[in-house]
Amino acid sequence: AMKVFPKHDDVQERACEAISRLVCGCPQNQHNAGELGLVQAVIQVVYGRPGPPPSLQGACVSALGSLVAGHAANRSLAGTSGAVEVLATALRRPAISGDTAVTEAAAVAIEQFSTDHAENQLLARKAGVIEILLTLLRQRCDSLHLKA
């Protein structure tokens, strides 16, 4: 297990944010990042880590989404490297004081991870992602209903 240093969390968060910006909408950068192992590296930042800071978790999930968006090879890498566990965990994260940023980023990344990729769709289903999304939808509907 990797030792966790709080200051290092900030560095990893900034690195994930930089990755998102470098690869977003740039297939060549996505390809290069995949070849260099960045897909796996981003996943490993929070994979299996209990209670990562929300900002770090959100940055990792966003970076993962940017790495796989529209890029089949990176989607496959993500699927075989534990991405679905990271994304499902982020989707399950309870909103902290009304902050839903991690959940929103995870929902976007799940879409990018699953689009046109049957293997990843199966992984997401087996990980319970459909049930998690249904729960999120019902929570929203319940809160709307209570306000009415």
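First, a word on what this report is: a plain description of the structure on this page. (Residues numbered from 1 in each chain as written. Predicted model: local features only at pLDDT ≥ 70, side-chain atom pairs only at ≥ 80, totals over all residues. Heavy atoms only, no water.)

### Considering the pattern of salt bridges
Test applied: A carboxyl oxygen of Asp or Glu within 4 Å of a side-chain nitrogen of Lys or Arg is what we treat as a salt bridge. Secondary structure elements follow DSSP: runs of H or I of four or more residues count as helices, runs of E of two or more count as strands, with numbering from the N terminus. Relative accessibility decides the category of a residue: with a 1.4 Å probe and only protein chains considered, values under 20% of the type maximum give buried, values over 50% give exposed, and everything between is partly exposed.
Summed over all chains, the structure comprises three salt bridges. Ionic pairing is found between Arg14 and Glu13, a salt bridge with its closest N-O pair at 3.1 Å. Note that Arg14 and Glu17 form a salt bridge whose closest N and O atoms lie 3.4 Å from each other. Separated by three residues within a single helix, Arg14 and Glu17 lie in helix 1 (residues 6-23), roughly one turn from each other. Take Glu17: its relative accessible area is 26%, and that puts it in the partly exposed class. Each of the salt bridges in this network shares a partner with another, and the network as a whole consists of Glu13, Arg14 and Glu17.

### What to know about the state of the cysteines
Rules: Throughout, a disulfide means two cysteine sulfur atoms within 2.5 Å of one another.
Scanning all chains against the criterion turns up zero disulfides. For the unlinked cysteine Cys24, the closest cysteine sulfur is that of Cys26, found at 9.7 Å.

### Focus on the packing of helix 4 (residues 54-68) against helix 5 (residues 72-80)
Any two packed helices are characterised by the angle at which their axes cross and by the distance between the axes. Spelled out, the test is: Think of each axis as a best-fit line through the C-alpha atoms, taken over the contacting stretch in the case of a helix, with angles from 0 to 180 degrees between the N-to-C directions. Roughly parallel means an angle under 35 degrees; roughly antiparallel, over 145; roughly perpendicular, 65 to 115; everything else is oblique. Note on definitions: a residue-residue contact is assigned when non-hydrogen atoms from the two residues lie within 4.5 Å. Residues are grouped as follows: Ala, Val, Leu, Ile, Met, Phe, Trp, Tyr, Cys and Pro are nonpolar; Asp, Glu, Lys and Arg are charged; every other residue, Gly included, is polar.
At their nearest, the axes of helix 4 and helix 5 sit 7 Å apart, and the two run at 135 degrees to each other. Of the possible angle classes, the one that applies to helix 4 and helix 5 is oblique. Residues Leu64, Leu67 and Val68 of helix 4 pack against Asn74, Arg75 and Ala78 of helix 5. Its residues placed into classes, the contact of helix 4 with helix 5 shows four nonpolar, one polar and one charged.

### Section: the environment of Glu104
We apply this condition: Throughout this description, a polar contact denotes any pair of N or O atoms lying within 3.5 Å of each other; where both atoms belong to protein, one of them has to be capable of donating a hydrogen while the other can accept it, and for residues adjacent in sequence the pair is counted only when both atoms sit in side chains.
Along the chain, Glu104 falls in helix 7 (residues 101-114). When the C-alpha atoms of Glu104 and Leu91 are compared, they prove to be 7.9 Å apart, with 13 residues separating the residues in sequence. Here the side chain of Glu104 touches Thr100 through a polar contact of 2.5 Å, side chain to side chain.

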